[in-house]
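# Summary of the model geometry
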Amino acid sequence: MSLQELKRDMEGCSRCSNCKWVPHLQIKSWRFAKVCPSVDRYNFHAYSGGGKMIMANSLLENRTDMTDALSEIVYRCQLCGACQVSCQAYRDDIDLSDVLLEMRSHCVEGGYVQAEHLDIIESMKREDNTMNMLKSDRGNWAEGLDIPDINKQKVDVLFHAGCRYSYDEDLRDTLRFSISLLLQNGIKVGIAGRDESCCGGRAYEIGYQGEMKNYSEDMASRVKASGAKILVTPCSDCYYTFKYLYPKNGRKLGVEVLHITEYIDSLIKEGAIRPGKKVPMRVTYHDPCHLGRRGEIYKEWHGDDKLMRPVKYKQSGKYGIFDPPRDILKSIPGVDLVEMERIREYSWCCGSGGGVYEYDPDFARWTANDRLAEAMATGAEALVTACPWCERLFKDAAAESNSDIQIYDVCDLLAQSLGVL
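In this report, the structure presented in the accompanying data block is examined. All residue numbers refer to positions counted from 1 along the written sequence of the respective chain. In view of the model being predicted, local features appear only for residues whose pLDDT reaches at least 70, and side-chain atom pairs are presented and counted only at 80 or more, with totals across whole chains, interfaces and linings using the full set of residues. With hydrogens and water stripped out, all remaining heavy atoms of the structure feed into the side-chain values.

## Observations concerning the overall build of the protein chain
Helix and strand labels come from DSSP, where a helix needs a run of H or I of at least four residues and a strand needs a run of E of at least two; each type is numbered from the N terminus. Counting secondary structure elements, the protein chain contains 18 helices and eight strands. Radius of gyration means the value over C-alpha atoms here, while the globule rule gives 2.2 Å times the residue count to the 0.38 power. A compact globule built from 421 residues should have a C-alpha radius of gyration of about 22 Å, and the protein chain, at 21 Å, falls within 12% of that. Dimensions of the protein chain, computed from the C-alpha atoms along their principal axes, are close to 60 × 45 × 40 Å. Remark: exposure states derive from per-residue accessible area (1.4 Å probe, protein chains only) relative to the maximum for the residue type, with buried under 20%, exposed over 50%, and partly exposed in between. Across the 421 residues that make up the protein chain, the buried fraction comes to 62%. Residue contacts are counted whenever heavy atoms from the two residues lie within 4.5 Å of one another. Sequence separation of at least 24 residues holds for 78% of the intrachain contacts in the protein chain that already meet a minimum separation of 6. Accessibility throughout is a Shrake-Rupley quantity obtained with a 1.4 Å probe, and a residue counts as covered only by protein chains that appear here. Roughly 16,800 Å² of accessible area belongs to the protein chain as shown, and the carbon and sulfur atoms make up 47% of that amount. Charge convention: Lys and Arg are scored as positive, Asp and Glu as negative, and His as well as the terminal groups of each chain are ignored. Charged side chains are reduced to one point each, which is NZ for Lys, CZ for Arg, CG for Asp and CD for Glu. Positive and negative charge centroids in the protein chain, built from 54 and 62 side chains respectively, lie 3 Å apart.

## Concerning helix H14 (residues 323-331)
Of the residues making up H14, those classed as buried are Pro324, Pro325, Arg326, Ile328 and Leu329. Looking at the packing, one finds that the buried side of H14 touches helix H13 (260-270), strand E5 (281-285), strand E6 (335-337), strand E7 (382-385) and helix H18 (410-417).

## Re the sheet that holds strand E8 (residues 406-409)
The four strands are arranged E6-E5-E7-E8 in an open sheet whose pairing can be described as parallel. In the strand order of this sheet, the two ends are held by E6 and E8, each with one partner. Strand-to-strand twist of the sheet, defined as the mean angle between neighbouring strand axes without regard to direction, takes the value 35°. The criterion for strand pairing is that DSSP finds at least two bridges linking the strands in question. The sheet contact formed by E5 and E6 spans three bridges and is parallel. Axes here mean lines fitted to C-alpha atoms, for a helix over just the part in contact, with angles spanning 0 to 180 degrees between N-to-C directions.

## Here's the deal with the pairing of E5
When you tally the buried positions in E5, you get four out of five residues, the bulk of the element. Once the chain exits E5 it traverses H14 before rejoining the sheet at E6, and the crossover so formed is right-handed. For E5 and E7, the ladder comprises three bridges, and the chain directions are parallel. Its bridge partner being in E7, Tyr285 is matched across the sheet by Val384. Consider the strands pointing away from the viewer: the crossover is right-handed when the path from the first strand over the helix to the second runs clockwise.

## Some details on the packing of aromatic side chains
Between rings of Phe, Tyr and Trp, where Trp is taken as its six-membered ring, a pair exists when centres lie within 6.5 Å; planes separated by under 30 degrees are stacked, by over 60 edge-to-face, and by other angles tilted. Scanning the entire structure with this criterion turns up eleven aromatic pairs. A ring pair is formed by Trp21 and Trp30, whose centres lie 5.4 Å apart and whose planes are at 45°; its orientation type is tilted. Where Tyr42 meets Phe363, the ring centres are 5.2 Å apart and the plane angle is 65°; that geometry is what we call edge-to-face. Within this pair, whereas Tyr42 is found in helix H2 (residues 37-42), its partner Phe363 is found in helix H16 (residues 361-376), the two being separated by 321 residues in sequence.

## Section: the pattern of salt bridges
Counted as salt bridges are all cases of a side-chain nitrogen of Lys or Arg within 4 Å of a carboxyl oxygen of Asp or Glu. This structure, assessed with the given rule, holds 39 salt bridges. Between Arg309 and Asp95 there is a salt bridge; the shortest N-O distance is 3.0 Å. Placement of Arg309 in the loop between E5 and H14 and of Asp95 in the loop between helix H5 (82-88) and helix H6 (96-109) is noted, with a sequence separation of 214 residues between them. A salt bridge links Arg392 to Asp168; its shortest N-O distance comes to 3.1 Å.

## Digging into unusual backbone geometry
Note: most peptide bonds trans; most residues except glycine with negative phi. With a phi close to 55°, Asn43 is a non-glycine residue in the positive phi region. Structurally, the position occupied by Asn43 is in the loop between H2 and helix H3 (49-60). When its relative accessible area of 68% is taken as the criterion, Asn43 is described as exposed. Non-glycine residue Asn62 carries a positive phi angle of around 60°. Residue placement: Asn62 occurs in the loop between H3 and helix H4 (68-75).

## Digging into the sheet that holds strand E4 (residues 256-259)
Strand order across the open sheet formed by four strands is E2-E1-E3-E4, with parallel pairing between neighbours. Looking at the sheet topology across the chains shown, the edges are occupied by strand E2 (189-190) and E4. With three bridges joining them, strand E1 (residues 157-159) and strand E3 (residues 230-233) adopt parallel strand pairing. Of the residues in E3, the one forming a bridge with Phe159 is Val232.

## Some details on the state of the cysteines
Cysteine pairs can be linked by a disulfide, which is a covalent bond between their two sulfur atoms. Two cysteine sulfur atoms form a disulfide, by the criterion used here, when they sit within 2.5 Å. A full pass over the atoms with the stated rule returns zero disulfides. Not engaged in a disulfide, the cysteine Cys83 finds its nearest cysteine sulfur in Cys19; these two sulfurs lie 6.3 Å apart. Here Cys83 falls in the buried class, since its relative accessible area comes to 7%.

## Here's the deal with the packing of helix H9 (residues 172-184) against H18
At their nearest, the axes of H9 and H18 sit 9 Å apart, and the two run at 65° to each other. Where H9 crosses over H18, the two elements pack in a sense that is left-handed. Residue-level contacts link Thr174, Phe177, Ser178 and Leu181 of H9 to Cys411, Asp412, Leu414 and Ala415 of H18. Residue composition of the contact of H9 with H18, grouped by class: five nonpolar, two polar and one charged. Should the near helix be turned anticlockwise from the far one by less than a right angle, the crossing is termed left-handed; should it be turned clockwise, right-handed. Polar here means any residue other than Ala, Val, Leu, Ile, Met, Phe, Trp, Tyr, Cys and Pro, which are nonpolar, and Asp, Glu, Lys and Arg, which are charged; Gly is therefore polar.

Below you can see the structure in the form of structure tokens.
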């Protein structure tokens, strides 16, 4: 898809500024009424979803030239999708997120790239991960666990760890517990180990769309060779890439894609997993953007008039993964789940998406701190999430601000209830 193909979307923007706010009927207080970190931080219309729609149309019509200043505005956006959700609460015919993604591609094609993003791409080309780590170390997280190698035997479930989980040693216990839980329940699950590669989603989001094609082809061949019928990942970014970006770009993996919380939740409801030990803790849950509002399955629609498009074909954010993580928390004795004001499809971003974590870490931390303030306003002792990128940034932001709030993954609390951690 090109900017030209999205011209009607750009021209459809009525400059109402609803993309900056939680839909009005959902607002609970002035303090947490904003939905777009970019425009809230920089307080200038160009940083909003609507502002970028105007910018994109102006570029397309050659009324504006791309400059370093404009490209900085384009890249100071987490691509969290909140603007699209708020827009589509009122409009049916605008795909704001598609325009924002194409703006990134437009910058790359024009040579307006960021050094920090080039480092990511070089790391992917050299070591097949986004984190400048050695490919040969990718499977180290599984040392000591008797996990089938899909390169040597067929499995029913392929477990894809993702870049952040594979290399972030602080999060390793969560990863090891998650797959161990599946193994203990007799599930024939396997991993690619050191041969696992990046999903390619982050490259796509920072504008290098062609890079994802290579990784999608590699993933498709690996899934087929494994014999798996289910692909499970604990990474929300990978989940979104497999569930939405791949099929949107013509790559279907031919398997059911599940986030680890979906799989574990189903096992709890079947009675296979029984949380028993009390975890006396008041917690609040953060919806990761790529698991929640952006975690919808891609559904292809053909038509000339988007106003005639059925609701199920829109990426409205309503059909992401919201309940499984919460249901796991509710199944744990002693856990008191309290909600923040901005939740589910109206959730505030953690700050790590869209390449902002690498390009502008100060902005990423600013965004995370706003979410931590919202979490603490509930009186919760801990902020719980289901994404390693969210967890990493929240942990760092909380430590830098000397915050008392604890940061956990959903599976961490389940492990405590099962007496593992």
